[in-house]
Amino acid sequence: MSEDSMIPGISTYRFPDRPYPFCPGCGHTLTLEHLNTALVKLQLDPHKVVLVTDIGCVGMSDQYFDVNAFHGLHGRAVTYATGIKLVNPDLRVIVLMGDGGIGIGGHHLLNAARRNIGITVLVFNNLIFGMTGGQHSVTTPHGATTSSTRFGNLERPLDICKTVAVNGASFVYRGAAFDKDLPDHIADAIETPGFALLDIWELCTAHYVPNNDFSKGALLQTIQNLGLASGILQRLDAPELARAYHEQFANNQLPITQPQSIEIKFDSALTKTTRIVLAGAAGGKVKSTASALALGGMYAGLWATQRDDYPVTVMTGYSVSEVILSREEILFMGIAKPDILAVLTPEGLAQVPRQLRAMDESQTVYVVPELTERIETRARKIAFDFSRAHPTKKSLALMATAAIVRHANLFPLDALREAISTGQSTDIAQENLKVVAASEFIL
């Protein structure tokens, strides 16, 4: 513990005028008092302590401590604590959550232990969902009666300690809220650099005790009957993630690329907003062609948007891009009724039947010859002529788009060439400029 994190002379971290709200006999009161004693023992700077609480009765705990606090969604307390610790490794981040939250957010718990993130998790384990009416949780013993297991719980309870221990937790402890030495173990856990968890068994006097004729003795006996070990169960010396991250990577950030303005170099004759859809196949450079189309429009003084759609697979399936060009600012990027639709492949055609049905005689469908007969629309159909130019799969979208730019008079073709030259690597741009030149033969 560094000296600057200590404030000698603190007698309590509690707000003295705020009594706990828990039911008479609830174990939460005992455990929170043990936590306060542990903090007093450590004399930590309150400004460097963060309590992160989960949903449930335990979620009310943070407001009674005069330290930093964060309260979030059920089962997610470990994730919030992880983020806080990663941002500032100097903070002592302590999670207060119940066994209900452990069940809901178990995945987060596993990965926090595996990463050895330096947070301390206090599990207020009262074997039940107390706040919501006494339903069984992941730690409810087999045979126990709850509001959701009226004839006895058929499930086996989760061993929280073994779960985090096998995943690499630095400090693991199991005990009960009645343990006199619990404050020392809590302090030990807070002082542990890596991930630390204390599984603290408690009584829920509102639900579990009356439904199971339960008591302090029965609770301690249940731990033994289940074969659960108590005390410090694991202590490992392993690098703590937040500290390791800041030491190795925090000072090696990549420079932030500054946005570059686009100089208007050409004039466009476009008089109305024009919505364009390119319907092709993955691997056909549809997306990069749409980018060049949008950038070319901006070089010609137009507003432009681009929206791309393709499956999660690579080099297979459809690839559809939508570009809107306008003299006015574009506030909605969707295209329900294109002014221009280029059908380039069967995969692309399969994605645009709704747009084809919506189009009317004032709009235009450009289509490759082999798909012309499959197009059902009221829009004007124009087939590409590939008798003098023979595009490949990778050049088809660009060749077709360049021809459309010229045919529909969207903007000067030199603007498209400028977009290709400035937006693509030199060798690829040279190949694509040849494709643009060949486009004059297809429409």
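Placed above this text is the structure.
In this text, all values refer to a predicted model and were calculated from it rather than measured experimentally. (Residues numbered from 1 in each chain as written. Predicted model: local features only at pLDDT ≥ 70, side-chain atom pairs only at ≥ 80, totals over all residues. Heavy atoms only, no water.)

1. Considering the side chain of Thr-140
By secondary structure assignment, the location of Thr-140 is in the loop between β4 (119–125) and α5 (160–166). For Thr-140, a relative accessible area of 0% translates into the label buried. At 2.7 Å, the side chain of Thr-140 forms a polar contact with the backbone oxygen of Leu-127. What Thr-140 contacts, discounting residues up to four positions off in sequence, is Leu-127, Ile-128, Thr-146, Asn-153, Glu-155, Pro-157 and Tyr-208. (Helix = DSSP H or I, 4+ residues; strand = E, 2+ residues; numbered from the N terminus. Buried < 20%, exposed > 50% of the residue type's maximum accessible area, 1.4 Å probe, protein only. Polar contact = N/O pair within 3.5 Å; in protein donor to acceptor, adjacent residues only side chain to side chain. Contact = heavy atoms within 4.5 Å.)

2. Remarks on unusual backbone geometry
In this structure, Asp-213 takes a positive phi of about 50° despite not being glycine. Inspection of the secondary structure assignment puts Asp-213 in the loop between α7 (208–212) and α8 (216–225).

3. Brief notes about helix α4 (residues 106–115)
Owing to its 3.6 residues per turn, the α-helix aligns residues three or four sequence positions apart on the same side. Those residues of α4 that fall on the buried side of the exposure criterion are Gly-106, Leu-109, Asn-111, Ala-112 and Ala-113. Where α4 is buried, its residues meet α2 (77–87), α3 (99–104), α5 and β6 (196–201). Residue Asn-116 follows α4 closely and has a positive phi angle near 60°.

4. Description of the packing of helix α13 (residues 396–407) against helix α14 (residues 413–423)
Where α13 contacts α14, the axes come no closer than 9 Å and their chain directions differ by 145°. The segment α13 lies against α14, with Leu-398, Ala-402, Val-405 and Arg-406 engaging Leu-413, Leu-416 and Ile-420. Of the residues assigned to the contact of α13 with α14, the class counts are six nonpolar, no polar and one charged. (Axes fitted to C-alpha atoms, helices over the stretch in contact; angles between N-to-C directions. Nonpolar A, V, L, I, M, F, W, Y, C, P; charged D, E, K, R; others polar.)

5. Brief notes about the packing of aromatic side chains
As enumerated under the stated definition, the model contains seven aromatic pairs in all. Between Tyr-245 and Phe-249, the aromatic rings sit 6.1 Å apart at their centres with planes inclined by 55°, giving tilted as the arrangement. Tyr-245 gets classed as partly exposed once you look at its relative accessible area, which sits at 35%. An aromatic cluster of three or more residues is present, and its members are Tyr-20, Phe-22 and Tyr-64. If you follow Arg-14 out to its NZ or CZ, it ends over the ring of Tyr-20, 4.0 Å from the centre. (Phe/Tyr/Trp six-rings, centres within 6.5 Å; stacked < 30°, edge-to-face > 60°. Lys NZ or Arg CZ within 6 Å of the ring centre and 35° of its normal.)

6. Here we look at the sheet that holds strand β10 (residues 318–326)
As summarised here, the arrangement of the six strands in space is β9-β10-β8-β11-β12-β13, forming an open sheet in which the pairing is mixed. Looking at the sheet topology across the chains shown, the edges are occupied by β9 (303–309) and β13 (380–383). Taken over all neighbouring pairs, the strand axes of this sheet differ in orientation by 15° on average, direction set aside. Of the strands in this sheet, β8 (274–281), β9 and β10 are in contact with helix α10 (residues 286–299), which crosses β10 at around 5°. (Pairing = 2+ DSSP bridges.)

7. Concerning the sheet that holds strand β3 (residues 92–98)
The strands that make up a sheet pair up through hydrogen bonds in the backbone, lying either parallel or antiparallel. The mixed open sheet is built from seven strands, whose spatial order is β2-β1-β3-β4-β6-β5-β7. Every interior strand has two partners, whereas the edge strands, β2 (68–71) and β7 (231–235), have only one. Neighbour to neighbour, the strand axes of the sheet diverge by 15° on average, direction disregarded. One ladder, built from four bridges, connects strand β1 (residues 49–53) with β2; its direction is parallel. Paired with Val-52 across the bridge in β2 is Phe-70.

8. Some words on the layout of surface pockets
Within this model, the second largest pocket holds a volume of roughly 220 Å³. As for the second largest pocket, its lining consists of 16 residues, and the residues nearest its centre are Lys-272, Thr-274, Ile-340, Ala-408 and Leu-410. Considered class by class, the residues forming the lining of the second largest pocket number six nonpolar, seven polar and three charged. (1 Å grid on protein atoms, 1.4 Å probe; cavity = no way out; pocket = protein on both sides within 12 Å on 5 of 7 lines; lining within 4 Å. Points joined across faces, edges and corners; volume = space filled by probe spheres on them.)

9. Thoughts on the nonpolar core
One finds Leu-341, Val-365, Phe-384, Leu-410 and Phe-411 to be the most contacted residues of the largest nonpolar core, which totals 63 residues. Among the secondary structure elements, those contributing two or more residues to this core are β8, α10, β10, β11 (340–343), β12 (364–367), α13, α14 and α15 (426–438). Setting aside chain neighbours within four positions, we find Phe-411 in contact with Ser-268, Leu-293, Gly-296, Gly-297, Ala-300, Leu-302, Leu-325, Val-405 and Leu-416. Grouped together as the second largest cluster of nonpolar side chains are 32 residues, Leu-35, Leu-39, Leu-51 and Ile-200 included. (Core = buried A, V, L, I, M, F, W, Y, C linked by side-chain atoms within 4.5 Å.)

10. Quick notes on empty space enclosed by the protein
Under the definition given, this model contains one cavity of 30 Å³ or more. By volume, the largest cavity is sized at about 30 Å³. For the lining of the largest cavity, the per-class residue count stands at five nonpolar, two polar and three charged.

11. Remarks on the environment of Leu-127
Mapping Leu-127 onto the fold places it in the loop between β4 and α5. Classification of Leu-127 by relative accessible area gives buried; the value is 0%. Sequence separation of Leu-127 and Cys-204 is 77 residues, and the distance between their C-alpha atoms is 7.8 Å.

12. Comments concerning the side chain of Glu-240
Take Glu-240: it is sitting in the loop between β7 and α9 (241–248). The buried charged residue Glu-240 lacks any salt bridge, with Arg-243 as its nearest oppositely charged partner at 5.1 Å. Reaching out from Glu-240, the side chain makes a polar contact with the backbone nitrogen of Gly-118 at a distance of 2.6 Å. (Lys, Arg positive; Asp, Glu negative; His and termini not counted. Salt bridge = Lys/Arg side-chain N within 4 Å of Asp/Glu carboxyl O.)

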